[in-house]
Amino acid sequence: MNDIKLALLGSEGAGKSAVLVRFLTKRFIGEYASNANSLYHKRLSIDGRQLNLEVFDPCSQSGESRCILEEPVDWADGFVVVYTISDRTSFLNAKNILAQIKESRRETCKGEVPVCLVGNKQDLCHSRQVSEEEGRVLSQEYKCLFQEVSAAENYLEISNLFTKLIRHVMEQLKHRGDRRRYSGSKSMAKLINNVFGKRRKSV
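Residues numbered from 1 in each chain as written. Predicted model: local features only at pLDDT ≥ 70, side-chain atom pairs only at ≥ 80, totals over all residues. Heavy atoms only, no water.

**Side note on unusual backbone geometry**
Okay, so step 1: In this structure, Lys 121 is a non-glycine residue whose phi angle is positive, near 65°.
Okay, so step 2: Secondary-structure assignment places Lys 121 in the loop between β5 (115–120) and α4 (132–141).
Okay, so step 3: According to the relative accessible area criterion, Lys 121 is buried, its value standing at 14%.
Okay, so step 4: One non-glycine residue, Lys 143, lies in positive phi territory at about 55°.
Okay, so step 5: Relative to the elements of secondary structure, Lys 143 occurs in the loop between α4 and β6 (145–148).
Okay, so step 6: Exposure remark for Lys 143: the relative accessible area of 55% places this residue in the exposed category. (Helix = DSSP H or I, 4+ residues; strand = E, 2+ residues; numbered from the N terminus. Buried < 20%, exposed > 50% of the residue type's maximum accessible area, 1.4 Å probe, protein only.)

Below is the structure:
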């Protein structure tokens, strides 16, 4: 059984929790404000391999927030960075998060860090502030996967992007040492249990 750890990052209102719950349960939860960090668990099978998936969904990050990123960046094997196509500020914040991931992992991870940039709320094209091309260009700059989705309308696209990211993580774990994850996991447990309070969810 392989353990895969993902972190979900993005601005408040970008719908990152909705994207995650859509993937985990196929249900759309709508918009809600979360002021707590959550750790989700799911067992799944990809390409015939059984996986234990953990996804850390921290409080939404403002553009200037670096402290909340430190633990997830150290702990996670891969990242989902979410913005909404109807809010340019969330897109600029996603760019800032990608830069922080790249900077933080430059020394600890040789090769590409598995990341998926997600433009959410594709159903709100009438109020679009960020073009699909801008998202694609940003993903090419940071060498990450990219997908525009609608958590409200489409489960399959979201499922596919998580599957692609998990496959990328599995390939990366095959080709590098895993010493980082032990210290990272311990500090992450401390972060979740002691600092923010324990909220574990199995789905």
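**With respect to the packing of aromatic side chains**
The geometry of an aromatic ring pair is captured by the separation of the ring centres together with the interplanar angle, meaning the angle of the planes.
Okay, so step 1: Summed over the entire model, instances satisfying the criterion amount to 3 aromatic pairs.
Okay, so step 2: An angle of 5° between the planes, with centres 4.2 Å apart, marks the rings of Phe 23 and Phe 162 as stacked. Taken together, the residues Phe 23 in helix α1 (residues 16–25) and Phe 162 in helix α5 (residues 155–174) connect sequence positions 139 residues apart.
Okay, so step 3: Phe 23 sits in the buried class, given a relative accessible area of 6%.
Okay, so step 4: Look at Phe 162 and you get buried, because its relative accessible area is 0%.
Okay, so step 5: Taken together, a centroid distance of 6.3 Å and an interplanar angle of 75° make the contact between Phe 56 and Trp 75 edge-to-face. Highlighted residues: Phe 56 in strand β3 (residues 49–57) and Trp 75 in helix α2 (residues 67–75), separated in sequence by 19 residues. (Phe/Tyr/Trp six-rings, centres within 6.5 Å; stacked < 30°, edge-to-face > 60°.)

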